[in-house]
Amino acid sequence: MTTTAPHPRLTKTPADKHAAHGPRLPMRILPLTPAIVLLLLFLAGPIAYCVYIAFTDLQLTGQAQESFVGFDNFTRAFGDEAFLNAVWLTLVFTVVSSLIGQNTLGLALAVLMQRASKPVRTLTGGIVVTAWVLPEVVAGFLLYAFFRREGTLNAILDWLHLPSQNWLFTLPILAVSFANVWRGTAFSMLVYSAALNEIPKEITEAAEVDGAGGPRRMWHITLPMIRRSIGTNLMLNTLQTLSVFGLIWVMTRGGPGGRSQTLPLFMYEQAFQNSLIGYGTAVALLLLLVGSLFSLIYLRLLRTEV
């Protein structure tokens, strides 16, 4: 049995493929040139300049020219008790309000709305989404009025004959964490509602017929099937929570005594109140590093198969 050799013109070597695609490459990149220029100008450029400033002693006032100080700003940060306190409060704020609060409450609302009637879904969704679309400053004022000494929460507690207190003074980090949960839960609810709608009803009905109760169906069927949505939601919520500034600033300004001062507020205080632009920018880069680490962890988890 003989085989027919391929026609020379039908056989392409790697060199031929490179020669064929080579002239087309500039034409493919040309439409992307404006976007690349804009990214370099408005994203990469400012980031590179911030990296440079973080290694200098640049100040807003009383300085003719900045000088290069190396890693002094970063060394100063890790030796600053106020910075370490801000790191700890940022972690508490992120875990309580995002990883636990928004994520858990958003999933619970999505599950309950799946079983609720249409009027209940419409009313609940409207209320939750309204809190989400409010500007951060407006939400901060509303929650400040709720938690202040003469506010709504204490009025309710007095009506129930329960002890009241100045929540913004005694438990400031928990008060701002609750505020962030109230404002941001809608995003998690919408993400999980979309994910739950993608689960085939045949699977859950078969499990129900086999005798699996609600908790078992949730643990063994629902959660594994929406795992990627959970990871994506956690990543986006974490990055958003790490950058929350206006909500906390309106409610407590980081006080009292720095007990609700997260990294964004600490960075603002050092850069614009103490005029230490170099030091504040170094703190901002450290915050960026924390967000990058969270993103890498979540992306790694998303690549892991169930």
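Everything below is about the structure shown above.
As the structure is a prediction and not an experimental result, all values here were calculated from the model. (Residues numbered from 1 in each chain as written. Predicted model: local features only at pLDDT ≥ 70, side-chain atom pairs only at ≥ 80, totals over all residues. Heavy atoms only, no water.)

## Quick word on the overall build of the protein chain
Note the threshold: Helix numbering and strand numbering both begin at the N terminus, where a helix is a DSSP run of H or I of at least 4 residues and a strand a DSSP run of E of at least 2. The reference for a compact globule is 2.2 Å times residues^0.38; the radius of gyration itself is calculated from the C-alpha atoms. Under the scheme applied here, a residue whose accessible area is under 20% of the maximum for its type counts as buried, over 50% as exposed, and between as partly exposed, the area being computed with a 1.4 Å probe on protein chains only. Residue contacts follow a heavy-atom distance rule, with two residues in contact if any of their heavy atoms lie within 4.5 Å. Each accessible area value is a Shrake-Rupley result obtained with a 1.4 Å probe; residue values ignore everything except the protein chains displayed when judging cover. In this tally, Asp and Glu contribute negative charge and Lys and Arg positive charge; neither His nor the terminal groups of the chain are included. Throughout, a charge is located at the NZ atom of Lys, the CZ atom of Arg, the CG atom of Asp or the CD atom of Glu.
In terms of helices and strands, the protein chain carries 16 helices and zero strands. Its C-alpha atoms give the protein chain a radius of gyration of 27 Å, clearly above 19 Å, the size a compact globule of 306 residues would have. When burial is assessed residue by residue, the protein chain has 36% of its 306 residues classed as buried. Here the contacts in the protein chain between residues at least 6 apart in sequence split such that 70% fall between residues at least 24 apart. Accessible surface, the protein chain as shown: approximately 18800 Å² in total, 69% of it carbon and sulfur. Taken as two groups, the 21 positive and 16 negative side-chain charges of the protein chain have centres that lie 11 Å from each other.

## Some details on the nonpolar core
As a reminder of what qualifies: For our purposes a nonpolar core is just a set of buried Ala, Val, Leu, Ile, Met, Phe, Trp, Tyr and Cys residues, chained together by side-chain atoms within 4.5 Å.
Residues Phe 74, Phe 83, Ile 226 and Tyr 279 are the most contacted members of the largest nonpolar core, which totals 29 residues. Of all the secondary structure elements, the ones that give two or more residues to this core are α4 (72-78), α5 (81-115), α10 (172-197), α13 (227-242), α15 (263-273) and α16 (277-302). The leading source of residues in this core is α16, at eight residues. Contacts of Tyr 279, omitting those with residues within four sequence positions, involve Asn 73, Arg 76, Ala 77, Asp 80, Phe 83, Phe 266 and Gln 270.

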